[in-house]
Structure formats: structure tokens, C-alpha cells
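Listed below, chain by chain, are the residues.
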Amino acid sequence: MATIQYISKSLNACNQTPHTHHCWELTYVYKGTMSVTFEGGRVDCVASQAVLTPPNLNHCNIVSDDVVLIRAFLDNNEWKIDKPIPIFDFCDGDLGKIMQLTCKWFPATGNDNFDDSVLDSYCNIITHILNTFISNQHCSRPVLEITFDIISNFTDPTYCIDSSFDNHPLSKDYLRRLFIKEQGFSPIQFLTKIRINHAKKLLRAKTLHGYKINDIAYLCGFDDQLYFSRVFHKLVGKSPREYTVELGQNEK
């Protein structure tokens, strides 16, 4: 997990001369625009986008006059990238929200009246979001947008994959082929996998919540319990009820 060395919100960010940092620099754009230039490339950002810049890379941040940024410096020995990469905040602005909460909490760390583990939790969430982008940096932006749109909507039984294609000028058939090429499976397979993985988590906690199988089906985006059970059995090798019995959670 990464650790946050420093984080702050800047309302008066100015252009910087070429420079380096000994840690990772994560810069989130709340308002305005920013470009990170470096030898051999450039990453441009608008609002609700960020850039992750690796340590010891000579780079320059160029910003618009109205820019509002959150800039964080992190230590992490696991990330293996050698140039800045864009981070798109597709999931309802989750990255921006977490970074803003981290900004509020960071000044209180080191104070005996505050629990530093809260900051660690925020940093853990930021790390997981960045890990997702780093592991998917081979994907094109349309595929990333479709991926995160599916993640944002998988619990909705009325959600249709085609709605994730509507904001793209490319044809649906081309986007499907591109998704399969870059992710290794189709959008519907990805959606189904997420739904069934979520169902397994809910089934493991079934006795805690008092959920019935039909409740879990609906919470995972299935409006038909029988269809949910068939899909679950196909992917897991047993029915939802058999799965809970195996876990020692027999349905009353």
C-alpha cells in the first residue's frame, strides 16, 4: 500500500519549471486544465481527471489560470511505470471525493486526539483506485469508460450494456470487439462476473443480513431468481443454496 507524504488543495497553482520529486506525484484537477510535459510525451487533463507521475522523472506542470488542484505525494515501491499516466475519475468522482477527504484529515495526523488509521484507510482506497488504472493502462479510453460504467451500474437490474456504448461515436460492434481484445472477455461476461462475485460476498454474509436468495439476486442486478441461480451454478459449479450450505449457512 502507498503512504501519503503530503497532500493539499491549491487554489492558486502556477506553472512550474522542469523539476523532479523523490516520490510519486498524484495531481487531481478539480477545475480548469493541466498538462504534464516530460521528455518524449505529454499528458493533458481537464476537470475530474488526474495524472500519476513517477519519482525522479523530470517534468513540468502547465496549468490554466482558473485551475484548482489537489496534489499528493506518495511512497510506493510496487508501482512499475516509468512515465506519467492519466487517471480518469469515472466512478462518480470517487477519487476526487477521497482525495478531498484526505486533504481535510491530513493536517490532523500526528495529533494525539486523532486516529491516524483513518488517513491510512483513505490512502488504501486511493492505492486501489490507482492500481486499477495501472493494471488497465493498456486499455484505450473507450474501453476504460465502458469498464467503469459497468462497475458503477452492475447492481441495477434495469441496466443494459448498450447504454454504456451510447456516449461513444464508435459503433457498438466495434466497441465490443475492442473490449474483448483489450480485456480478454466481452462486456456482458465482465458484467456477469462482477454480479456473481458480488453475490458470493452477499451469500457469505447472508445470515448477518437476513437476506433470502431472491433478495441477493436483485441486489446483484438480477430481476429473475431462477435465471440468477442458473448463471450462478454455471460459473461457480453449484447453486446459491448449495454454496451457502457448503459455508455452513443453511437457509432457515
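Residues numbered from 1 in each chain as written. Predicted model: local features only at pLDDT ≥ 70, side-chain atom pairs only at ≥ 80, totals over all residues. Heavy atoms only, no water.

Undergrad: Can you help me understand the sheet that holds strand S4 (residues 41-45) in this one?
TA: Pairing between sheet strands relies on hydrogen bonds along the backbone, with the strands arranged either parallel or antiparallel. If you trace the 3 strands from one edge of the open sheet to the other, you get S4-S3-S6, paired in antiparallel fashion. The open sheet has two free edges, formed respectively by S4 and strand S6 (59-63), since each of these has just one partner strand. Averaged over all adjacent pairs, the angle separating strand axes in this sheet is 15 degrees, with direction ignored. In this sheet, S6 lies alongside strand S3 (residues 34-38) in antiparallel orientation, the contact comprising 5 bridges. Bridging across to S6, methionine 34 finds its partner in valine 63. (Pairing = 2+ DSSP bridges. Helix = DSSP H or I, 4+ residues; strand = E, 2+ residues; numbered from the N terminus. Axes fitted to C-alpha atoms, helices over the stretch in contact; angles between N-to-C directions.)

Undergrad: Is there a simple way to explain the sheet that holds strand S2 (residues 24-31) in this structure?
TA: Here we have 5 strands laid out as an open sheet, ordered S1-S7-S2-S5-S8, and antiparallel in their pairing. Looking at which strands have only one partner, the edges of the open sheet turn out to be strand S1 (3-10) and strand S8 (85-88). Averaged over neighbouring strand pairs, the angle between their axes works out to 20 degrees when direction is ignored. The pairing of S2 with strand S7 (residues 68-75) spans 7 bridges and is antiparallel. Paired with leucine 26 across the two strands is alanine 72, which belongs to S7.

Undergrad: Would you explain helix H4 (residues 172-183) in this entry?
TA: In an α-helix, one full turn covers 3.6 residues, which means residues spaced three or four apart are oriented alike. Look at H4: 16 Å from first C-alpha to last across 12 residues, which is about the 16 Å you get at 1.5 Å a residue. Taken residue by residue, H4 has Leu175, Leu178, Phe179, Glu182 and Gln183 as its buried positions. Seen along its axis, H4 keeps its buried residues to an arc of 105 degrees; they face one direction. Exposed and facing more than 90 degrees away from the buried side of H4 are Asp173, Arg177 and Lys181. Next to the buried residues of H4 lie helix H3 (141-153) and helix H5 (187-204). Downstream of H4 by a residue or two, glycine 184 has a phi angle that is positive, lying close to 90 degrees. (Expected span 1.5 Å × (residues − 1). Buried < 20%, exposed > 50% of the residue type's maximum accessible area, 1.4 Å probe, protein only. Arc of directions from axis to C-beta. Contact = heavy atoms within 4.5 Å.)

Undergrad: Sorry, what's going on with the nonpolar core here?
TA: In globular proteins that are soluble, nonpolar side chains generally tend to be buried together. Membership of the largest hydrophobic core comes to 44 residues, with the highest contact counts inside it found for Leu26, Leu52, Leu74, Met99 and Ile126. No other element matches helix H2 (residues 117-135), which puts 7 residues into this core. When neighbours within four sequence positions are excluded, leucine 74 is seen to be in contact with Ala2, Thr3, Ile4, Gln5, Cys23, Trp24, Leu26, Cys123 and Ile126. Core analysis: the next-biggest nonpolar cluster, separate from the first, contains 13 residues, Ile196, Leu203, Phe222 and Val231 among them. (Core = buried A, V, L, I, M, F, W, Y, C linked by side-chain atoms within 4.5 Å.)

Undergrad: What's the story with the pairing of S3 in this structure? I'm lost.
TA: With 4 of 5 residues buried, S3 lies mostly within the body of the structure. Looking at chain direction, S3 and S4 are connected through 5 bridges and run antiparallel. Across the sheet, threonine 37 pairs through a bridge with arginine 42, a residue of S4. A loop of 2 residues connects S3 with S4, the two strands running antiparallel in sequence, and glycine 40 in this loop sits at a positive phi of about 90 degrees.

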